[in-house]
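# Structure assessment
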Amino acid sequence: MVKDLTEGNPQTVLWKFCLPLFGSIIFQQLYNIADSLIAGKFIGENALAAVGNSYEITLIFIAFAFGCNIGCSVIVSQLFGAKKYNQMKTAVYTTWIAGAVLCGTLMVLGFLLCPTLLRLIQTPEIVFADSELYLNIYIGGLFFLFFYNIATGIFSALGDSRTPFIFLAISSTANILVDYFFVTSLNMGVAGVAWATFICQGISCVAAMLVVIKKLAGIHTEGSVPKFSLSTLKQVSTVAVPSILQQSFVSVGNIIIQSLINGYGASVMAGYSAAVKLNNLVVTSYGTFGNGISNYSAQNLGAGKNERIQAGFGAGLKMVYIVSVPIVILYLLCGQTFIEFFMNDGSTEAIQTGVIYLRILSPFYFVVATKLVADGILRGVSAMGRFMISTFTDLIIRVGLAALFSNMIGTSTGIWMAWPFGWSIATVLSIIFYRQWIRDNVKDKNVKNEKENA
């Protein structure tokens, strides 16, 4: 289904478009949660620590895939909204070619640098071998990760949020079952966890790409469509490169924080691994709402309906706040139950680490939700400079304060305290930048039109 997001009540349009996206990211996060859960429950605390330790490095590769997703999605949305279908298809083909080259390069670098990266973050010897094994298998499946992300970006750009939801629901459920089978029946250990993700993500990628090709074939274009365009690549890169840099620097920041955490031992690593998956489930869900708002904003920008973008901001805030209330309550009241769910015979230190992490961060989910909605609009209207300033501010504050507070307090709790400071300051910046864009492109435009009509 291809849907025009430039027509209809903004709140209704966004709810219908974003809810399947929200469901999709829940299932996508089940990939990572299932890895940690099964590793912790059926292999042991060290296996949970190894998977969690590797996860921070995988975020670097995810950053590049996500950047390709956003770059393609925003430009395709703008061209779709403007009904420039020939250029839209060229943007898709160009992203495929550039994405393949980028992915191949990252795979080579990943295989070569994997041990160095693990040493860099001070991975304890007790989990080093399993961390390296998990990473190598993960890197082997990067093509699936890249092209699945590009495919979902195209679906979203065309207003179709249901198809990726169906794919993820099936593949995530299959991943959990295969995870369990490989670990408990075949006794494959951490390798089984990694291979389950590899296989299920690969099948999803192939299926998604086939559906994308079919959808594109159903959109009528005039004459031949160029398969590659340097000018189009520059357009996509204008959005993709800042997104990649933003996500990459965030990943580097997370790696620095992971190195601080590793200094406290395997139990703290295991507790953090469980808690951060629960945290990422929430924050990534907000980010998906933000991505949906990016597509909505991009289509309306392409159609010249800037006033609908302002209405979309209010609708987006309502959505994320409604989602936040039950999550915050559950994490505050039932945090220990959730953490224990990841562990079989987890130590008291590991469980307590995860509980404290959730109690410190969860009340500030309303704050980060606001930021990600504003960031979604900034990306959708290609205001990438402002978007990057806000994100880098968050990162710098979190990393700097994590190091400072952990030294001052002497426990891992100091690291967790840095998150709310970074989120809060960056949220203020994102809102300021959003209001500046609205003032320059909606309010000032309305005043100009009123003067011309007078």
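Now for a description of the structure that goes with this document. (Residues numbered from 1 in each chain as written. Predicted model: local features only at pLDDT ≥ 70, side-chain atom pairs only at ≥ 80, totals over all residues. Heavy atoms only, no water.)

Our focus in this paragraph is the overall build of the protein. Of the regular secondary structure elements, the protein holds 15 helices and 0 strands. In terms of overall dimensions, the protein is globule-like: its C-alpha atoms have a radius of gyration of 22 Å, near the 22 Å expected for 454 residues. Expressed as lengths along the three principal axes of its C-alpha atoms, the size of the protein is roughly 70 × 45 × 35 Å. Contacts spanning at least 24 positions in sequence make up 84% of the contacts within the protein whose residues lie at least 6 apart. A total of about 17400 Å² of accessible surface is found on the protein, and carbon and sulfur atoms cover 67% of it. Side chains of the protein give 27 positive and 21 negative charges; the mean places of these two sets differ by 12 Å. (Helix = DSSP H or I, 4+ residues; strand = E, 2+ residues; numbered from the N terminus. Rg over C-alpha atoms; globule rule 2.2 N^0.38 Å. Contact = heavy atoms within 4.5 Å. Areas by Shrake-Rupley, 256 points an atom, 1.4 Å probe, with all protein chains shown as cover. Lys, Arg positive; Asp, Glu negative; His and termini not counted. Charge placed at Lys NZ, Arg CZ, Asp CG, Glu CD.)

Looking now at the side chain of Thr-391. Along the chain, Thr-391 falls in helix H13 (residues 384–409). You can call Thr-391 buried: its relative accessible area is 4%. Those residues within four positions of Thr-391 in sequence are excluded, and the remaining contacts are Gln-246, Val-250, Lys-371 and Asp-375. (Buried < 20%, exposed > 50% of the residue type's maximum accessible area, 1.4 Å probe, protein only.)

A few words on unusual backbone geometry. Look at Asn-187: it is not a glycine, yet its phi comes out positive at around 55°. The topology assignment puts Asn-187 in the loop between helix H6 (162–185) and helix H7 (190–217). Positive phi, close to 65°, is recorded for Ser-382, a residue that is not glycine. By relative accessible area, which is 30% here, Ser-382 ends up partly exposed.

Now for a nonpolar patch on the surface. On the surface, Ile-97, Val-101, Phe-228 and Leu-230 cluster together into a nonpolar patch covering about 380 Å² of accessible area. As for its placement among the helices and strands, Leu-230 is situated in helix H8 (residues 230–262). (Patch = residues over 30% accessible without salt bridge, like charges linked within 9 Å, V, L, I, M, F, W, Y side chains within 5 Å. Salt bridge = Lys/Arg side-chain N within 4 Å of Asp/Glu carboxyl O.)

With that settled, consider the pattern of salt bridges. Evaluated as defined, the whole model comprises 6 salt bridges. With its nearest N and O atoms 2.5 Å apart, the salt bridge here joins Asp-375 to Lys-371. Of this pair, Asp-375 and Lys-371 both sit in helix H12 (residues 365–380), 4 residues apart, roughly one helical turn. Two residues, Arg-439 and Asp-440, come together in a salt bridge whose shortest N-O distance is 3.1 Å.

Moving on: the packing of aromatic side chains. Two aromatic rings, taken as a pair, are described by how far apart their centres are and by the angle between their planes. A full pass over the atoms with the stated rule returns 19 aromatic pairs. Seen from their ring centres, Phe-143 and Phe-147 are 6.3 Å apart, and the 15° between their planes marks the pair as stacked. Here Phe-143 and its partner Phe-147 are both found in helix H5 (residues 142–157), 4 residues apart, which amounts to about one turn of the helix. Exposure remark for Phe-143: the relative accessible area of 35% places this residue in the partly exposed category. (Phe/Tyr/Trp six-rings, centres within 6.5 Å; stacked < 30°, edge-to-face > 60°.)

Moving on, we come to the packing of helix H2 (residues 45–81) against helix H9 (residues 266–302). The relative placement of two packed helices is expressed as an angle between their axes plus a distance between the axes. Where H2 contacts H9, the axes come no closer than 11 Å and their chain directions differ by 0°. With respect to their mutual orientation, H2 and H9 come out roughly parallel. Considered class by class, the residues forming the contact of H2 with H9 number 15 nonpolar, 14 polar and 3 charged. (Axes fitted to C-alpha atoms, helices over the stretch in contact; angles between N-to-C directions. Parallel < 35°, antiparallel > 145°, perpendicular 65-115°, else oblique. Nonpolar A, V, L, I, M, F, W, Y, C, P; charged D, E, K, R; others polar.)

Counting 140 residues, the largest nonpolar core has Trp-96 and Tyr-365 as its most contacted members. Among the elements that take part in this core, H2 stands out by supplying 19 residues, more than any other. Sequence-distant contacts of Tyr-365, defined by excluding residues within four places in its chain, comprise Asn-279, Val-282, Tyr-286, Ser-324, Ile-327, Val-328, Tyr-331, Leu-358 and Trp-423. (Core = buried A, V, L, I, M, F, W, Y, C linked by side-chain atoms within 4.5 Å.)

Further remarks concern the packing of helix H4 (residues 125–140) against H7. Remark: H4 packs on H7, axes separated minimally by 9 Å, with the N-to-C direction vectors making an angle of 15°. In terms of their interaxial angle, H4 and H7 are classed as roughly parallel. Between H4 and H7 the crossing geometry is right-handed. Along its contact with H4, which presents Asp-130, Leu-133, Tyr-134, Ile-137 and Gly-140, the element H7 presents Val-190, Ala-191, Val-193, Ala-194, Trp-195 and Phe-198. (Left-handed = near helix turned anticlockwise from the far one by under 90°.)

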